[in-house]
Amino acid sequence: LLARVATDPTGGQVAVRDGRVSVPRLVRAAAGGAAASGAGDGTVLVTGGTGALGALVAEHLVTGHGVRSLVLVSRQGPAAPGAAALTERLTGLGASVSVVAADVTDREQVFRLVAGVPGRLVGVVHTAGVLDDGVVSALSPERLANVLAPKVTAGWWLHEATRDLDLDLFVLFSSLAGVLGSPGQAAYAAGNAFLDALATARRQDGLPAVSLAWGMWDTAGMAASLPEEERQRSARAGLPPMGTDVGLELFDAALAEGRPVLVPAVVDVPALRAALDGGPVPTVLRALTG
């Protein structure tokens, strides 16, 4: 499922803007075919580039979008586990790859990173993120800052460092947690909601941007740290993890769809209805379960 956020004038939480009352509601996006990202003629910068999703997307940019120059950024850079093998694999596919150690929550490092990109920077894919789950009452300022920094701070510096460049794509990896909420992930939900808002603001300013509020991936990475009972709970609630092939297909569909915020996720509608057990359907889900 590729969904977009629409508005409806009745029920649930509301926003009042210029006298208009709206609520969020997920509706199916009318995705077309795969998009040509336009990023093949320059360099794409991928944050979290040595992580599980960053590496998957980097390889997909090469094999599916014709990208031939990549800068993969992470805190450990070339010392990150698997970085050497990833570089070898991407190089074997015909790409020129630089793996760089940098803290993308630091403004000076981000601006220096962007200025040092080889050739013309044509795209940014921001996959970096940190989880620190816990109930709201257990969130300390330090824990909150740790989760928000790679989302809010890094996302903003990447925006500022590239806003005057002629980019073809600016992709932010957000989370369904920011759209639906997620037990124990208040900080993570807030950080991802910021990315959704940033993509919307960039589009309003005529800049390229799409924030992808991903459902859970069935792959290594942050989701792999979740206990099995949490993964099963999510599946029973109608949100099972998605496989790599499905995730990358949704990535392409999202680039083709042309909206600033999309929700690429697998939704098991019968399981979702069963989880509600005849109770009221949350407003945001009514269009999907009706």
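First, a word on what this report is: a plain description of the structure on this page. (Residues numbered from 1 in each chain as written. Predicted model: local features only at pLDDT ≥ 70, side-chain atom pairs only at ≥ 80, totals over all residues. Heavy atoms only, no water.)

## What to know about a nonpolar patch on the surface
- On the surface, V14, V16 and V21 cluster together into a nonpolar patch covering about 260 Å² of accessible area.
- Here V21 lies in strand β3 (residues 20-28).
- We classify V21 as partly exposed; its relative accessible area is 38%. (Patch = residues over 30% accessible without salt bridge, like charges linked within 9 Å, V, L, I, M, F, W, Y side chains within 5 Å. Areas by Shrake-Rupley, 256 points an atom, 1.4 Å probe, with all protein chains shown as cover. Salt bridge = Lys/Arg side-chain N within 4 Å of Asp/Glu carboxyl O. Helix = DSSP H or I, 4+ residues; strand = E, 2+ residues; numbered from the N terminus. Buried < 20%, exposed > 50% of the residue type's maximum accessible area, 1.4 Å probe, protein only.)

## Here's the deal with the pattern of salt bridges
- Counted under the stated rule, the structure contains 4 salt bridges.
- Note that E59 is salt-bridged to R89, the shortest N-O span being 2.8 Å. Taken together, the positions of E59 in helix α1 (residues 52-65) and R89 in helix α2 (residues 83-92) put the pair 30 residues apart, joining distant regions of the chain.
- A residue is classified by how much of its surface remains accessible, and R89, at 38% relative accessible area, is partly exposed.
- Its salt-bridge partner being E257, residue R259 comes within 3.3 Å of it at the nearest N-O pair.
- Taking relative accessible area as the criterion, R259 reaches 34% and is therefore assigned partly exposed.

## Details of helix α6 (residues 186-204)
- For α6, built from 19 residues, the straight-helix expectation of 27 Å at 1.5 Å per residue is met to within 8% by its first-to-last C-alpha distance of 27 Å.
- Looking at α6, one finds that the buried residues are A187, Y188, A189, G191, N192, L195, D196, L198, A199 and R202.
- Residues of α6 that are buried sit in contact with β7 (121-126), α4 (141-162), β8 (169-175), α5 (177-180), β9 (210-214) and β10 (261-264).
- Phi turns positive, to about 80 degrees, at G206, one or two residues after α6. (Expected span 1.5 Å × (residues − 1). Contact = heavy atoms within 4.5 Å.)

## Brief notes about the side chain of S174
- Tracing the chain through its elements places S174 in strand β8.
- A distance of 3.2 Å separates the side chain of S174 from the backbone oxygen of N192, its partner in a polar contact.
- Polar side-chain contacts of S174 include one of 2.9 Å to the side chain of D196. (Polar contact = N/O pair within 3.5 Å; in protein donor to acceptor, adjacent residues only side chain to side chain.)

## Section: the packing of α1 against α2
- Their axes nearest at 10 Å, the elements α1 and α2 cross at an angle of 10 degrees. Of the possible angle classes, the one that applies to α1 and α2 is roughly parallel. Between α1 and α2, the residues in contact are A55, A58, E59 and V62 and L86, R89 and L90, respectively.
- Taken together, the residues of the contact of α1 with α2 break down into 5 nonpolar, no polar and 2 charged. (Axes fitted to C-alpha atoms, helices over the stretch in contact; angles between N-to-C directions. Parallel < 35°, antiparallel > 145°, perpendicular 65-115°, else oblique. Nonpolar A, V, L, I, M, F, W, Y, C, P; charged D, E, K, R; others polar.)

## Describing the pairing of β9
- Of all the 5 residues making up β9, 5 are buried; the element is thus mostly covered by neighbouring parts of the structure.
- Of the two faces of β9, the one carrying V210, L212 and W214 and the one carrying S211 and A213 are both buried.
- Summarising the sheet, β8 and β9 pair through 5 bridges and their orientation is parallel. Across the sheet, F173 pairs through a bridge with L212, a residue of β9.
- Pairing between β9 and β10: 2 bridges, direction parallel. (Pairing = 2+ DSSP bridges.)

## Let's talk about the environment of V73
- With respect to the secondary-structure elements, V73 resides in strand β5 (residues 69-74).
- Of the residues examined, V73 reaches a relative accessible area of 1% and is grouped as buried.
- Along the primary structure V73 and G49 are separated by 24 residues, whereas in three dimensions their C-alpha atoms are 5.2 Å apart.

## Looking at the environment of L276
- With respect to the element layout, L276 can be found in helix α9 (residues 269-276).
- Distance in space between the C-alpha atoms of L276 and G238 is 9.8 Å, their sequence separation being 38 residues.
- Excluding its chain neighbours within four sequence positions, the residues that come into contact with L276 are V281 and P282.

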